[in-house]
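# Close look at the chain arrangement
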Amino acid sequence: RYTQAQLDELATAAGWAIMEPSRNRMLAEIAVRDTGLGTVEDKINKNHRKTLGLMRDLQGAVSTGVLRELPELGITEIARPVGVVAAVVPSTNPGAPPDKNLIISLPCGNAVILSPSHKGYSTAAKLLEFIHAEFARIGAPADLVQTLPHPVTKELSQELMKQCDLVVVTGSQANVRAGYSSGTPALGVGAGNVAVIVDDSADLDDAAQKIMRSKIFDNATSCSSENSVIIHAAVYDRMLAALAKAGGVLLGSEEKTTLQAAMFPGGKLSPAVTAQSVKRICEVAGLTRPEVTASKCLMVEESGFGKSAPFSGEKLSPVMAIYKARDFDHAFDILKAIYAYQGNGHSCGIHTKNNEHIQRLGMEMTVCRVIVNQA
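Figured I'd write up the structure that's included with this text. (Residues numbered from 1 in each chain as written. Predicted model: local features only at pLDDT ≥ 70, side-chain atom pairs only at ≥ 80, totals over all residues. Heavy atoms only, no water.)

### Looking at the overall build of the chain
A count of helices and strands for the chain gives 14 helices and 14 strands. Computed over its C-alpha atoms, the radius of gyration of the chain comes to 22 Å, within 12% of the 21 Å expected for a compact globule of 375 residues. Principal-axis analysis of the C-alpha atoms places the extent of the chain at approximately 60 × 55 × 35 Å. Buried residues in the chain amount to 52% of all 375 residues. If you sum the accessible surface of the chain, you get close to 17,400 Å²; carbon and sulfur atoms cover 53% of it. For the chain, the distance from the average site of its 37 positive side-chain charges to the average site of its 38 negative ones is 3 Å. (Helix = DSSP H or I, 4+ residues; strand = E, 2+ residues; numbered from the N terminus. Rg over C-alpha atoms; globule rule 2.2 N^0.38 Å. Buried < 20%, exposed > 50% of the residue type's maximum accessible area, 1.4 Å probe, protein only. Areas by Shrake-Rupley, 256 points an atom, 1.4 Å probe, with all protein chains shown as cover. Lys, Arg positive; Asp, Glu negative; His and termini not counted. Charge placed at Lys NZ, Arg CZ, Asp CG, Glu CD.)

In structure tokens:
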């Protein structure tokens, strides 16, 4: 029965719960301390910018009552709550995703129950404490937002997904599949494995700076972090030089083999390197070359795809695969081959001045977003 103004106030309260600077820092510090993933300063930026951007996008949006009337069709469109939303949260980002789920669920009049990961539970519990304090300030019921009790088991999370009215799941493919198979309507986002094309018309220094900044942000915990760069042969050497100038280092063949053994034991990505710094990854892998250990990002040349070439998949770490393409058609084929292994339906990027290349990605590539000349 809340009015639009009351619903908007709920969203603002949830946003301020994570954006208020002292709370933001505390949540980021707890997340890094208890998950061992990412960096505090980058999580602070992520919590601030994602929340602020989402609040900006929702400003003035109508989320309750009559949305529009179409008398010529005899149709009235009405927005009403779906009910209880289950939000499954990954350990890589235990603060930002749940708060975003709240900000898009609460203005529609829904209640939310969080299902945090084992390592991310302390972050979710502290976030909940801050949200309840904000709700008390505006006179809203605390139980509009809850969390499953600790410890959250797979069985408990699956039961929540069965009993709720809508599932929103972020994280592993296993979690996403569990959401889709729960029998409840579900929205999911799994592995990202974003690949980016750099064609022969690109501003190479600008592209390298943006790719590197995005790649290393929060030790690559984001599903939208670049995992592979596909470079046109005509600018290949110059782009590698630009990436090196931006902080990357290209590994030799023996170093690549050593890193692969450490990162993908048994063919699966190791938790020991997930969302870790280059220095820590080098310690785990036994890489000792000074230029490597001092870099911001490890780069490996790749030509294969799939399980036999694990660097073609999502790496969730400051490690990037580099592909060489003869021309744009070849780059497009490489992109499709990467996504046939991992990443279909998510995002891809291109650095170019060629509108035809942009349009082709938009028309043909099986992704939700094509990011142009951006990180």
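So much for the structure itself; the text now carries on.
### As for the sheet that holds strand E8 (residues 194-198)
Here 7 strands make up an open sheet; going across it, the order is E10-E11-E12-E9-E8-E13-E14 and the pairing parallel. Looking at strand neighbours, the two that pair on one side only are strand E10 (248-250) and strand E14 (369-372), the edges of this open sheet. Within this sheet the neighbouring strands show an average axis-to-axis angle of 25 degrees, counted without direction. Pairing analysis gives 5 bridges linking E8 to strand E9 (residues 226-232), with the strands arranged parallel. Paired with Val196 across the bridge in E9 is Val229. Along the sheet face, helix H13 (residues 328-341) touches E8, E9, strand E12 (319-325) and strand E13 (347-351) and points at about 175 degrees away from the line of E8. (Pairing = 2+ DSSP bridges. Axes fitted to C-alpha atoms, helices over the stretch in contact; angles between N-to-C directions. Contact = heavy atoms within 4.5 Å.)

### A look at the environment of Tyr121
Tracing the chain through its elements places Tyr121 in helix H5 (residues 121-138). As for Tyr121 and Gln374, which are separated by 253 residues in sequence, their C-alpha atoms are 33 Å apart.

### Considerations on the side chain of His330
Within the secondary structure, His330 is located in helix H13. When its relative accessible area of 19% is taken as the criterion, His330 is described as buried. The residues touching His330, leaving out its near neighbours within four places in the chain, are Lys324 and Ala325.

### Some points on the nonpolar core
In this structure, Ile230, Met239, Leu243, Leu259 and Leu298 are the most contacted members of the largest nonpolar core, which totals 58 residues. Not counting chain neighbours up to four residues away, the residues in contact with Leu259 comprise Leu251, Ile281, Ala285, Leu287, Leu298, Val300, Phe311 and Val319. (Core = buried A, V, L, I, M, F, W, Y, C linked by side-chain atoms within 4.5 Å.)

### Here we look at unusual backbone geometry
Note that the residue after His150, namely Pro151, is joined by a cis bond; omega there is 0 degrees. One can find Pro151 in the loop between strand E5 (145-147) and helix H6 (154-163). The residue Asn193 is not glycine, and still its phi comes out positive at about 55 degrees. Checked against the element boundaries, Asn193 lands in the loop between strand E7 (186-189) and E8.

### As for the packing of helix H1 (residues 4-19) against helix H2 (residues 21-35)
To characterise two packed helices, one gives the angle between the axes of the helices and the distance between these axes. The contact between H1 and H2 brings their axes to 5 Å, and the two run at 65 degrees. With respect to each other, H1 and H2 are oriented roughly perpendicular. Packed against H1, whose contacting residues are Trp16, Ala17, Ile18 and Met19, the element H2 presents Pro21, Arg23, Asn24 and Leu27 at the interface. Residue composition of the contact of H1 with H2, grouped by class: 6 nonpolar, 1 polar and 1 charged. (Parallel < 35°, antiparallel > 145°, perpendicular 65-115°, else oblique. Nonpolar A, V, L, I, M, F, W, Y, C, P; charged D, E, K, R; others polar.)

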